[in-house]
Amino acid sequence: MLGDAPLQAVIPASDLARAKAFYTDTLGLKLSEEGEEEFVCDCGGTRFTVYRTPSGGQAAHTLASFKVADLDGEMTGLRDRGITFEEYDFPGLQTVNGVAEGEGMRAAWFKDSEGNILCVSQRVGP
């Protein structure tokens with residue numbers, strides 16, 4: 001059944017034009033489809049949709065995570081494009097200079113133009 005079906009992330013946006021500019025211009029992702037109420041980006045061999053809704057940016061959790069080989073390099077490039085990384089101090093999760101480390105993973109979070117939380121993460125260790 002669903003085990004053979006591709007899974008695609010769907011991200012909400014209250015301002016679709018602003019979101020499109022963020023994902024294509026700021027993040028440098030490739031736009032593959034566009035309609036009046038949504039657009040689709042290609043990213044690392046997968047796709048995700050951003051769709052118009054008045055509830056964009058209201059989730060208090062990570063909506064998508066980009067898996068990268070060099071977190072520090074990606075963070076530098078994103079900071080150069082105006083991205084600000086979030087700082088968190090929760091039980092079991094604390095960031096230092098935007099980065100949390102633990103259990104074979106390093107990760108950093110930032111918000112898109114709509115306030116949605118996105119992650120950049122790198123596997124470390126064996």
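See the structure above.
First things first, this report covers the structure right here in the doc. (Residues numbered from 1 in each chain as written. Predicted model: local features only at pLDDT ≥ 70, side-chain atom pairs only at ≥ 80, totals over all residues. Heavy atoms only, no water.)

Here we have four strands laid out as an open sheet, ordered S1-S4-S3-S2, and mixed in their pairing. Either end of the sheet is taken by a strand with one partner, and the two such strands are strand S1 (9–13) and strand S2 (30–34). Shown here is a sheet whose adjacent strand axes are inclined to one another by a mean of 30 degrees, direction ignored. Where S1 lies against strand S4 (residues 46–52), five bridges are found, and the strand directions are parallel. Counted as the bridge partner of Ala9 is Phe48 from S4. (Pairing = 2+ DSSP bridges. Helix = DSSP H or I, 4+ residues; strand = E, 2+ residues; numbered from the N terminus. Axes fitted to C-alpha atoms, helices over the stretch in contact; angles between N-to-C directions.)

We now examine the pattern of salt bridges. Applying the stated criterion across every chain, the model contains seven salt bridges. With a closest N to O distance of 3.0 Å, Asp72 and Arg106 form a salt bridge. Within this pair, whereas Asp72 is found in helix H2 (residues 71–80), its partner Arg106 is found in strand S9 (residues 105–111), the two being separated by 34 residues in sequence. The exposure class of Asp72 is partly exposed, given its relative accessible area of 43%. (Salt bridge = Lys/Arg side-chain N within 4 Å of Asp/Glu carboxyl O. Buried < 20%, exposed > 50% of the residue type's maximum accessible area, 1.4 Å probe, protein only.)

This brings us to the sheet that holds strand S8 (residues 100–102). Pairing is mixed across the open sheet formed by four strands, whose spatial order is S5-S10-S9-S8. This sheet does not close on itself; its edge strands, each paired only once, are strand S5 (62–67) and S8. The mean angle between the axes of side-by-side strands here comes to 25 degrees, regardless of whether they run parallel or antiparallel. Of the strand pairs in this sheet, S9 and strand S10 (residues 117–123) are connected by seven bridges, and their pairing is antiparallel. From the neighbouring strand, Met105 faces S10, where its bridge partner is Arg123. Against the sheet, H2 engages S9 and S10, with an angle of about 15 degrees to S9. (Contact = heavy atoms within 4.5 Å.)

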